[in-house]
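Structural description and commentary
Letter by letter, the chains look like this.
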Number of protein chains: 2
Amino acid sequence: MKRERILELLEQRRFKELREELETMHPVDIVEMLEDFDTRRAILIFRLLAKEDAAEVFTDMNSDMREDLINALTDSELEEVMDEMYVDDTVDVLEEMPANVVDRLLMATDEETRKKINVLLQYPEDSAGSIMNVDYISLRKEMTVAEAILKIRQVGINRETIYTCYVTEKKKLIGAVDVKDLLTAGESRLIEEIMDENVLCAATLDDQEDVAKTIKKYGLVAIPIIDHENCLVGIVTVDDAMLVLQEEATEDISIMAGVSPNEDSYFGTSVIRHAKNRSLWLMLLMLSATVTGEILGRYEGAMAVMPVLITFIPMLMGTGGNCGSQSSTLIIRGLAVGEIQLKDIFRVIFKEIRVALVVSFLLALVNGLRIYIMYGQNIMLSLALGITMMAVVVVAKSIGCTLPLLAKKLGLDPAIMAAPLITTILDTCTILVYFNIVTVIFHLKG
Amino acid sequence: MKRERILELLEQRRFKELREELETMHPVDIVEMLEDFDTRRAILIFRLLAKEDAAEVFTDMNSDMREDLINALTDSELEEVMDEMYVDDTVDVLEEMPANVVDRLLMATDEETRKKINVLLQYPEDSAGSIMNVDYISLRKEMTVAEAILKIRQVGINRETIYTCYVTEKKKLIGAVDVKDLLTAGESRLIEEIMDENVLCAATLDDQEDVAKTIKKYGLVAIPIIDHENCLVGIVTVDDAMLVLQEEATEDISIMAGVSPNEDSYFGTSVIRHAKNRSLWLMLLMLSATVTGEILGRYEGAMAVMPVLITFIPMLMGTGGNCGSQSSTLIIRGLAVGEIQLKDIFRVIFKEIRVALVVSFLLALVNGLRIYIMYGQNIMLSLALGITMMAVVVVAKSIGCTLPLLAKKLGLDPAIMAAPLITTILDTCTILVYFNIVTVIFHLKG
């Protein structure tokens, strides 16, 4: 309804009311609305936004829309927007833009900001430095609480960065003061007296995922980031940490489905890029699966004698694959959230084998009964398939739980050892287990 | 090293130093350390903790350890711990404990807290009410900034709840004041003048996942929770939101691997429970796979005439399954993070079919070449397998992307339409596509 109202006001060129309406909206909602509008309307509305809202909307919108907007805005309009943006957001925007746009954007910032931007641009992707906020409040230990509050009044424009203030001495981080303590301590007390010297911090080159996990683990609102000389250079805030954790979960899930992850959204990724992200694994797995095919081919003789054996292949391969990916998925997620460590490998295997015995007994029983009923009460066939089922499940769960841990040990991403790869590996194992068992039981030639 | 030092101090009964050492540690790290110690040592150390630390350690530890501790503590010790705990944490602890322990814990709290606890215990699991914090700061609009700061000094003990203060009138939420504004506004200004009347809020019965997503979307530190009469009853803070989002991601990943999710950790779940969580899907999928087997059985004749056809089955079924689960996984995750909506269904299908055409062309080419080289330059066989591959991939991607959206439409969890189920469904499709194509090309009888 809000959206219809806005469109109506826009059509009727009632800009004053439109501006008032926009002021009651959250920038995040404005972005969502603009993304559904055509470019002409979106630009018109953008021009009506209050300065701070415009900066936040500009930061949050997708890169296509941002490029359209940059092309439409005059240099002085652009300068106004850039002035209101936080440096770290500017850097994120620049990283996504083509070179000619970057030049225009950099022209629109003052020199001091440009210097800060250049420093930030040099941190490696996925490092704490690349996501940190450089607008934080630093206090000196000799300040009184009143002086500290005065300083916050002067510089504290950014709501993200005010909840914890950091105390530095020659730029080195020596403590932190929560804003609560500033509010509740007497005005004449020294920062030194109320600061907490046990400050958790991270380094610029730390992996952004580790930093986000630390924020989550300790329930922080922000964490200070120091450089190699222990100098405070920025902070990472909890809202950025949440986005990092979500991105990392999406990345893990992609890899677990055999898709190379990329940072754009589903619709923001082109068809060719989607195809590229998916082909590599498919190709690899397709070629690996030919091994299973070749092995299966070796038992043509056995299948010619007992054609019924063919009909159990999909069920056995399917169950083996599912059992294996259940185990590998649980281990991969356990490793990701820190519930499982490398040193737990034997505990994991022991647990999975016990689970496999329970599960496989149930499956073998149901399956054996089904075969007994459906295939003329052939007890030997039931037995053979029951034994195969148990063996397949135990092998599947053992391999499924071991490979992610092995990958971790080798410094690889455990997520690659998920369903697609595990299933392909287990297909081969299942065929081998199956035909080795039935050729013995039914005295078939391999 | 810290751990060794603590153990050493404990052995030598140097409790004063030990207490000092513990004071420098973060409660989260103390919990991690205690979990590795034996019960006797853990209890000894717990007794040495400062009151507030003890409450936080007690909140964070796993439920087994907490039960041991409750059995070891005297009633008055327990009362001290419970006095320092936040009401919402107490409720979380109570929900995990056996009835007799709950009684003992409730005895250790004062009556007012007990009332609050009983209210919180009545909210449904996974609702905003069940995770909200009831220790928040509410101001009146007639207060001056100075009076508001005084109130925070008096009641603001909880760091989580102070960053945003809420303004109420007859208990109804009418505005919010950021602590930054309190610090930077003149002392004599009225709350009314500086408060923000556009407050985002959620209701007690809202799903906790939706509330967590709102906090993430708008980058909030906390969100106020109102009841059905618009009265403010609590707040949900960003640290709880992060845990909720992580739990939900873990749940999705479990379901996507065909494992019923449960809230305990991997090692915290018993073997029988693990087996139970995994058997249902396995059983269902195993029985469904027999359909594929039966259909495969129908083509025994064709395979007898051309035994080489058997060797391509694992590759085709594997590739079909992988293609389908790539698509379904991307759609499931897209739905979960809000990138894809139900209304996008035709855009999704159109995109997936184009991706499928590109991918399948590549796969068919490589596969056709391989067969041409490996099977005596049999051009017809290459062609047949190439065509099958293309058809399988297109079918797999179409079905893979449609089913999660269909599940969503039907009000089911899209995550059930992940690899295990998709693979099983696609196995049948693949066999049908394959044999329908080859029987035509090679004039075989079905």
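Reading guide: rules and limits
- Residues numbered from 1 in each chain as written.
- Chains lettered and ligands numbered in written order.
- Predicted model: local features only at pLDDT ≥ 70, side-chain atom pairs only at ≥ 80, totals over all residues.
- Heavy atoms only, no water.
- UniProt positions renumbered as here; feature names shortened; annotations may be inferred.
- Salt bridge = Lys/Arg side-chain N within 4 Å of Asp/Glu carboxyl O.
- Helix = DSSP H or I, 4+ residues; strand = E, 2+ residues; numbered from the N terminus.
- Buried < 20%, exposed > 50% of the residue type's maximum accessible area, 1.4 Å probe, protein only.
- Patch = residues over 30% accessible without salt bridge, like charges linked within 9 Å, V, L, I, M, F, W, Y side chains within 5 Å.
- Areas by Shrake-Rupley, 256 points an atom, 1.4 Å probe, with all protein chains shown as cover.
- Least-squares fit on C-alpha atoms with pLDDT ≥ 70 in both.
- Contact = heavy atoms within 4.5 Å.
- Buried area = accessible area lost by both parts, 1.4 Å probe.
- Polar contact = N/O pair within 3.5 Å; in protein donor to acceptor, adjacent residues only side chain to side chain.
- Nonpolar A, V, L, I, M, F, W, Y, C, P; charged D, E, K, R; others polar.

An unreviewed UniProt entry lists chain A under the name Magnesium transporter MgtE, with Faecalicatena contorta as the source organism. UniProt, in its Function (unreviewed entry) section for chain A, records the words "Acts as a magnesium transporter." Taken from UniProt, the Sequence similarities (unreviewed entry) comment for chain A reads in full: "Belongs to the SLC41A transporter family."

What follows is about the pattern of salt bridges. Throughout the structure, instances matching the rule amount to 38 salt bridges over all chains. Its salt-bridge partner being K213 of chain A, residue E209 of chain A comes within 3.7 Å of it at the nearest N-O pair. One end of the pair, E209 of chain A, and the other, K213 of chain A, are both in helix α15 (residues 208–217), four residues apart, so they sit about a helical turn from each other. Note that D29 of chain B is salt-bridged to K217 of chain A, the shortest N-O span being 3.9 Å. Here the residue D29 of chain B occupies a position in helix α3 (residues 27–36), and K217 of chain A occupies one in helix α15, the pair thus bridging two chains. Residue class for K217 of chain A comes out partly exposed when judged on its relative accessible area of 34%.

A few words on a nonpolar patch on the surface. Residue and element names in this part refer to chain A. Side chains of F361, L365, L369, Y372, I373, M374, I379, M380, L383 and I387 sit close together on the surface and give an oily, nonpolar patch of about 1,000 Å² of accessible area. Where the nonpolar patch is concerned, the elements lending two or more residues are α21 (345–374) and α22 (379–409). For the nonpolar patch, the leading source of residues is α21, giving six residues. Looking at the element boundaries, M380 is found in helix α22.

Residues and elements named next belong to chain A. Within this numbering scheme, the UniProt entry marks residues 353–373, 379–406 and 418–444 as carrying the feature "transmembrane region" (unreviewed entry). End C-alpha to end C-alpha, residues 379–406 measures 40 Å, and it is 100% helix and 0% strand. For residues 418–444, helix accounts for 85% and strand for 0%, while the C-alpha atoms at its two ends are 35 Å apart.

Moving on: the relation of the copies chain A and chain B. By a simple turn and slide, chain A fits onto chain B: the slide is 0.1 Å along the axis, the RMSD is 0.1 Å, and the turn is 180 degrees. Such a combination of rotation and displacement between the chain copies is what one expects of a two-fold axis.

To continue, consider the interface of chain A and chain B. By a widespread convention, an interface's size corresponds to the accessible area lost as its parts come together. Between chain A and chain B, the residue contacts involve 110 residues of the former and 109 residues of the latter. Between chain A and chain B lies a buried interface of about 9,800 Å² when both sides are counted; carbon and sulfur atoms form 70% of it. Counting the surface chain A buries against chain B, the share from its top three residues, L183, Y266 and F267 of chain A, is 8%. Where chain A packs against chain B, one counts six salt bridges. Taken together, chain A and chain B are joined by 30 residue pairs in polar contact (both at pLDDT 80 or more). With 18 residues, helix α17 (residues 271–298) of chain A is the single largest residue contributor to the side of chain A that touches chain B. Taken together, the residues of the side of chain A that touches chain B break down into 59 nonpolar, 28 polar and 23 charged.

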